[in-house]
Amino acid sequence: MSTIRLQTNQHQLIANLRHAFTPHSMLGELLQNARRAQASHIQVVADGNTLIVSDDGCGIADLQTLIVIAESGWDLALKERENAFGLGILSTMYFAEHLSVHSGGHAFQTSTTTIIRGDAIEVYPTRPHTGTEIRLDGVQSPIPALTLQEWVGGQLERLCEAFPVRVSLNGIDIARPLANTSLPWRQTSVGRVLLDLDASPTQWRCFL
């Protein structure tokens with residue numbers, strides 16, 4: 001008698017993950033990661049083909065956790081509360097040519113193809129940095145008629161409409177008209193939500 005078991009073609013899996021992400025979801029994932037790190041301000045810089053997202057959160061103790069598929073590195077309580085999948089930073093691999101990360105006193109920089117191949121990446125000590133800075137080079141606007149800065153600006157307007165953390169683009173704060181910090185969390189069958197029952201239903205939004 002012979003047996004079979006589930007196996008994984010690691011390289012093909014990584015290649016296929018490209019279809020799970022879009023540039024839109026990539027930007028949202030970076031914002032959510034900064035929020036989960038308890039950031040009070042997320043600074044986004046878009047210049048040419050470079051995109052930088054930096055925050056003043058708690059930072060990343062082990063940079064290896066950024067590139068482990070399906071392991072987010074967040075604490076158990078957050079995983080259970082938000083169902084964090086551990087794919088956030090990996091989404092950047094398919095939309096940038098080069099990735100640099102600086103958090104705390106450590107950093108790494110490498111081409112995204114190096115990450116996809118599974119090659120070793122050197123993590124080196126560097127000057128202490130509050131929070132985390134993620135720099136992506138070789139990023140193209142998904143809409144040819146728009147510059148990267150214009151596209152990012154439009155996406156942030158949508159993503160930050162009810163986002164609970166201050167976000168700025170190239171030094172200018174993004175409006176958050178539906179972010180009301182005085183609202184209480186309401187427990188529902190689909191989890192905790194912030195909902196202003198006195199507002200017009202036309203203002204209700206859903207953000208995942």
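A brief report on the enclosed structure follows. (Residues numbered from 1 in each chain as written. Predicted model: local features only at pLDDT ≥ 70, side-chain atom pairs only at ≥ 80, totals over all residues. Heavy atoms only, no water.)

1. Focus: the side chain of Ser54
The condition that has to hold: Working definition: helices are DSSP H or I runs of at least four residues, strands are E runs of at least two. Numbering for both runs from the N terminus. Contacts are assigned to residue pairs with any non-hydrogen atoms lying within 4.5 Å of each other.
Residue placement: Ser54 occurs in strand S2 (residues 50–55). Among all residues touching Ser54, those that are not within four sequence positions of it are His41, Ile42, Gln43, Thr132 and Glu133.

2. Digging into the packing of helix H2 (residues 23–36) against helix H5 (residues 148–159)
Helix packing geometry: the angle between the two helix axes and the distance between the axes. We apply this condition: Axes, fitted as lines to C-alpha atoms, cover a helix only where it is in contact. Angles between the N-to-C directions of the axes lie from 0 to 180 degrees. Each angle is binned into one of four classes, with values under 35 degrees roughly parallel, values over 145 roughly antiparallel, values of 65 to 115 roughly perpendicular, and all other values oblique. The handedness criterion is simple: a crossing whose near helix is rotated anticlockwise from the far helix by less than a right angle is left-handed, and one whose near helix is rotated clockwise is right-handed. Note that Gly is not counted as nonpolar here; it falls among the polar residues with everything else outside the nonpolar set of Ala, Val, Leu, Ile, Met, Phe, Trp, Tyr, Cys and Pro and the charged set of Asp, Glu, Lys and Arg.
Packing of H2 against H5 leaves a shortest axis separation of 11 Å and a crossing angle of 60°. Between H2 and H5, the angle falls in the class oblique. Crossing of H2 against H5: the hand is right-handed. Of the residues in H5, those in contact with Pro23, His24, Leu27, Gly28 and Leu31 of H2 are Trp151, Val152, Gln155, Leu156, Arg158 and Leu159. Grouping the amino acids of the contact of H2 with H5 by side-chain chemistry returns seven nonpolar, three polar and one charged.

3. A short note on the pattern of salt bridges
Stated precisely, the cut-off is as follows: By convention in these notes, a salt bridge is any Lys or Arg side-chain nitrogen within 4 Å of a carboxyl oxygen on Asp or Glu.
Counted according to the given criterion, the structure contains three salt bridges. Put simply, Asp119 and Arg117 hold a salt bridge, and the shortest N to O gap is 2.8 Å.

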